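# Notes for the structure review
Here is what each chain is made of, one letter per residue.
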Amino acid sequence: MARGKLILIEGLDRTGKSTQAAKLVESLSNQARLVKFPERSTPIGKLINQYLKESETHLADQAIHLLFSANRWEVAETIKATLLEGRDVVMDRYVYSGIAYSAAKAVPGMDVQWCAQPEKGLLKPDLTFFLTNSESELRKGFGDERYESSGFQTKVRHEFETIFKNYESQDYKNNHIVFLDTTGKSIEQVHTSVGSAVEEYIQKNSDVEEFMYF
Ligand code: T5A
Ligand code: NA
């Protein structure tokens, strides 16, 4: 039996990632599983949730970065086991968010390489979508949590671009990263674009069995 595919929906805040990840999981046939990062229900996830929701919760930037990464390691084995059962896994944010949001803080020493280090060895997605939307700040809920200010989001966008165009240049060229501007597009329209890119990818790569790692 072929292993499942690891599909990632990435992007800036409020661009529709969770909406699209949920719809994609529903549309896949092989008991696909949805994994959201941060996974807020684990012991580490609870600390992250508190940090994001309560502005008075102080954690050193290095410490919260390592917690976000540890949160991915907490579920790494389950993700691999699910893929080996032949089920696809759809992730809502992952390593790229981890690096981009921390690097955007511009803390001395916390450059992209430093931020990427604890992610080394995690499974690489087979296919990544990167969602942008120039109106996302107008969407319901923007501004409730830490990091949801337009100034910071501009820095995050810049970090994502650097990661995809330089650090991950090979994937970028191999076209396993799909950039989707969802501005003015309905939920259904975006879902159709995501669905057809996934279908095309799976058709072309159904025999790929080896895993890739960060
Ligand atoms: N973070 C995360 C790190 O710093 N390091 C890390 O390692 C990780 C993993 C929380 C924060 O943590 C940071 C990044 C974040 O700042 P989160 O839990 O993913 O991360 O954040 P959420 O608040 O859950 O999600 P987002 O704000 O990013 O929103 P989504 O998932 O992009 O958007 P979604 O789908 O919830 O949609 C938002 C609203 O828009 C509507 C939806 O119905 C909803 O109301 N909508 C649309 N409206 C019109 N047209 C469309 N096409 C629409 N699509 C969705
Ligand atoms: Na979300």
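Residues numbered from 1 in each chain as written. Chains lettered and ligands numbered in written order. Predicted model: local features only at pLDDT ≥ 70, side-chain atom pairs only at ≥ 80, totals over all residues. Heavy atoms only, no water.

For the protein chain, an unreviewed UniProt entry supplies the name Thymidylate kinase and the organism Lachancea meyersii CBS 8951. Recorded in UniProt for the protein chain, the comment headed Pathway (unreviewed entry) runs: "Pyrimidine metabolism; dTTP biosynthesis." Within the UniProt record for the protein chain, the comment given under Sequence similarities (unreviewed entry) is "Belongs to the thymidylate kinase family." (UniProt positions renumbered as here; feature names shortened; annotations may be inferred.)

## Description of the pattern of salt bridges
Counted under the stated rule, the structure contains ten salt bridges. Between Lys36 and Asp92 there is a salt bridge, with the nearest N and O atoms lying 3.7 Å from each other. Residue Lys36 is found in strand E2 (residues 33–36), and its partner Asp92 is found in strand E3 (residues 89–92); the two are separated by 56 residues along the sequence. The exposure class assigned to Lys36 is partly exposed, which follows from its relative accessible area of 37%. Residue classification places Asp92 among the buried residues on the basis of a relative accessible area of 3%. (Salt bridge = Lys/Arg side-chain N within 4 Å of Asp/Glu carboxyl O. Helix = DSSP H or I, 4+ residues; strand = E, 2+ residues; numbered from the N terminus. Buried < 20%, exposed > 50% of the residue type's maximum accessible area, 1.4 Å probe, protein only.)

## Things to note about the packing of helix H1 (residues 17–27) against helix H8 (residues 187–204)
For the pair H1 and H8, the least separation of the axes is 10 Å and the interaxial angle reads 55°. When the axes of H1 and H8 are compared, the pair comes out oblique. The hand of the H1/H8 crossing is right-handed. Residue-level inspection shows Thr19, Gln20, Lys23, Leu24 and Ser27 of H1 in contact with H8, the latter providing Ile187, Glu188, Val190, His191, Val194 and Val198. The residue inventory of the contact of H1 with H8, partitioned by class, reads five nonpolar, four polar and two charged. (Axes fitted to C-alpha atoms, helices over the stretch in contact; angles between N-to-C directions. Parallel < 35°, antiparallel > 145°, perpendicular 65-115°, else oblique. Left-handed = near helix turned anticlockwise from the far one by under 90°. Contact = heavy atoms within 4.5 Å. Nonpolar A, V, L, I, M, F, W, Y, C, P; charged D, E, K, R; others polar.)

## Focus: helix H2 (residues 43–53)
Of all the residues in H2, the buried ones are Ile44, Gly45, Ile48, Tyr51 and Leu52. Here the buried residues of H2 occupy an arc of 120° about the axis, which is enough to place them on one side. In H2, the exposed positions angled more than 90 degrees off the buried face are occupied by Pro43, Lys46 and Lys53. Here the buried face of H2 lies against helix H3 (61–84). (Arc of directions from axis to C-beta.)

## Details of H3
Across its 24 residues, H3 extends 35 Å between first and last C-alpha, which sits within 8% of the 34 Å expected from 1.5 Å per residue. Here H3 has its buried residues at Ile64, His65, Leu67, Phe68, Ser69, Asn71, Arg72, Val75, Ala76, Ile79, Thr82 and Leu83. Close packing links the buried residues of H3 with strand E1 (6–11), E2, H2, E3, helix H4 (95–103) and helix H5 (112–116). Immediately beyond the C-terminal end of H3, within one or two residues, lies Gly86, with a positive phi of roughly 90°. (Expected span 1.5 Å × (residues − 1).)

## Concerning the environment of Ile48
Within the fold, Ile48 resides in helix H2. You can call Ile48 buried: its relative accessible area is 0%. Ile48 sits 15 residues away from Arg33 along the chain, and the two C-alpha atoms are 22 Å apart. Ile48 has contacts with Pro38, Ile64, Leu67, Phe68 and Asn71, leaving out every residue within four places of it along the chain.

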